[in-house]
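Listed here are the chains, written in short residue letters.
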Amino acid sequence: MDPGIDDALALYTALGRLPIAGLSAVAGNVEIEKTFVNARQLLRLAGRSDVPVWRGSAAPLHYPLHTAPHVHGASGLDGYQFPAPLDDAPTEPPWAAWARIWQEETTPVHLIATGPLTNIAKLLWCLDDAPSRLTGITVMGGAIHGGNVTPTAEFNFYADPEAADQVMGANVPVTMVGLDVTHKARLPWEDLPRFLDFAEPGRLLYAVLHWYGEHAERHPDGLAIHDAIAVAAYANPELFVWQELPLTVLQDAAWRGTVARLPESARRPRVKAAVDVDVPGVLNWLWGSLQAMAENSPAFRQS
Ligand code: BDR
Ligand code: CA
């Protein structure tokens, strides 16, 4: 992840429902120094500093770094000030950490990617036995139709189109949750104050999503919470409509990051792409995840 305002919501949603082996930070919305600190700060606020955070790639595989401070603020989580700074943390790169963990234990792992795919492409280079260890990769990124950086390219795929293409062609089950559904499943404006029921993590979500609404997302139907929709899609595939498609991600300047559909005859693994979504079902699930967090964790309960 590259937290990132919607990454923060994705993380808190996931913590309420899923066992999380670790987070890897990647440069994307802001620089790696900031995404790494933000990921650790988010976990500390949630009372989950036990979850390891690995500091991943500082730049895409090939392209220079492309960030989005106009969407997430200069810090990546503008609108909120964390109570205290963190000490420096030594860390190994995520692809090395994953390889080590997978030597030590054989529990299969599913990756949920909510940032540029640089770290995951590097992991796939390192692991000969990735198919047996990965139940799959769920990616927030791309779009069959439309874009949010260019008319045809979504941010995470635009930021590192080579990595995105390698993941779309990987020999593991890949699920793409792109703008086709994240632009539909918006969080209504009037729901924002509900976050204030969830103690300090809720205050953070309220503050950063409010900032996001003021500065970046003025859509009348509410806020696009892309990364949280990817977590919901992993946990509730029945709330989405899927198509199995051979996809590639274009690299050249004008089409950078654009998802192209290949002919059915293409020798390319099929990507399971979300093309429609049950919006009330997904939003209910997201609120239920925060409620589950409040029931299980004092950090999310009002004192
Ligand atoms: C994606 O780009 C980032 O700005 C968001 O965090 C999300 O992962 C949406 O295009
Ligand atoms: Ca993100």
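This text follows the structure it describes.
This one's a predicted model, so the numbers in the text were calculated from it and none came from an experiment.

A word on the environment of T91
Item 1. Assignment of secondary structure puts T91 in the loop between helix 3 (69–72) and helix 4 (94–104).
Item 2. For T91, the residues in contact, after removing those within four places along its chain, are F36, V53, W54 and R55.
Item 3. At a separation of 3.5 Å, a polar atom in the side chain of T91 contacts the main-chain amide nitrogen of R55.

Notes on the site of ligand 1
Item 1. Taken together, D6, D7, N29, H72, T114, M140, N148, E154, F155, N156, H226 and D227 are the residues near ligand 1.
Item 2. N29 places a side-chain nitrogen or oxygen 2.6 Å from an oxygen atom of ligand 1.
Item 3. Protein contact buries 96% of the 280 Å² of open area that ligand 1 shows by itself.
Item 4. Put simply, the parts of the chain that give the shell around ligand 1 at least two residues each are helix 1 (5–17), helix 7 (155–159) and helix 11 (226–235).
Item 5. Counted by class, the shell around ligand 1 contains 2 nonpolar, 6 polar and 4 charged residues.

A few points about the coordination of the calcium ion (ligand 2)
Item 1. In the first shell of the calcium ion (ligand 2), the protein supplies D2 (OD), D7 (OD), D7 (OD), T114 (O) and D227 (OD), at 2.2 to 2.6 Å from the metal.
Item 2. Between consecutive donor residues of the calcium ion (ligand 2), the sequence gaps follow D-x4-D-x106-T-x112-D. Of this pair, T114 sits in the loop between strand 3 (109–113) and helix 5 (118–126) while D227 is found in helix 11, placing the two residues 113 residues apart along the sequence.
Item 3. The exposure class assigned to T114 is buried, which follows from its relative accessible area of 4%.

Details of the packing of aromatic side chains
Item 1. If you walk through the whole model with that rule in mind, you get 5 aromatic pairs.
Item 2. Aromatic pair Y80 and F82: ring centres 5.3 Å apart, planes at 80°, arrangement edge-to-face.
Item 3. In this structure Y80 comes out as buried when scored by relative accessible area, which is 15%.
Item 4. The side chain of R256 reaches across the aromatic face of Y63, ending 3.9 Å from its centre.

Describing the sheet that holds strand 8 (residues 240–249)
Item 1. Pairing in this open sheet of 6 strands is mixed, and the strands run 3-4-5-10-8-9 from one edge to the other. This sheet does not close on itself; its edge strands, each paired only once, are strand 3 and strand 9 (259–261). On average, each strand axis in the sheet is inclined to that of its neighbour by 35°, with strand direction left out of account.
Item 2. Pairing geometry for strand 8 and strand 9, over 3 bridges, is antiparallel.

Things to note about helix 4
Item 1. Among all positions of helix 4, only P94, W95, A97, W98, I101 and W102 are buried. Projected down its long axis, helix 4 shows its buried positions confined to an angular sector of 160°, all on one face. Away from its buried face, by an angle of more than 90 degrees, helix 4 presents the exposed residues Q103 and E104.

Comments concerning the environment of H72
Item 1. Within the fold, H72 resides in helix 3.
Item 2. Note: C-alpha distance between H72 and Y212 (140 residues apart in sequence) is 6.5 Å.
Item 3. Apart from residues no more than four positions distant in its own chain, H72 is found in contact with G4, I5, D6, N29, L77, D78 and W211.
Item 4. Among the polar contacts made by the side chain of H72, one reaches the side chain of N29 at a distance of 3.2 Å.

Reading the values: the criteria
- Residues numbered from 1 in each chain as written.
- Chains lettered and ligands numbered in written order.
- Predicted model: local features only at pLDDT ≥ 70, side-chain atom pairs only at ≥ 80, totals over all residues.
- Heavy atoms only, no water.
- Helix = DSSP H or I, 4+ residues; strand = E, 2+ residues; numbered from the N terminus.
- Contact = heavy atoms within 4.5 Å.
- Polar contact = N/O pair within 3.5 Å; in protein donor to acceptor, adjacent residues only side chain to side chain.
- Near = heavy atom within 4 Å.
- Areas by Shrake-Rupley, 256 points an atom, 1.4 Å probe, with all protein chains shown as cover.
- Nonpolar A, V, L, I, M, F, W, Y, C, P; charged D, E, K, R; others polar.
- Donors = N, O, S within 2.8 Å, 3.2 Å for Na, K, Ca; no water.
- Buried < 20%, exposed > 50% of the residue type's maximum accessible area, 1.4 Å probe, protein only.
- Phe/Tyr/Trp six-rings, centres within 6.5 Å; stacked < 30°, edge-to-face > 60°.
- Lys NZ or Arg CZ within 6 Å of the ring centre and 35° of its normal.
- Pairing = 2+ DSSP bridges.
- Axes fitted to C-alpha atoms, helices over the stretch in contact; angles between N-to-C directions.
- Arc of directions from axis to C-beta.

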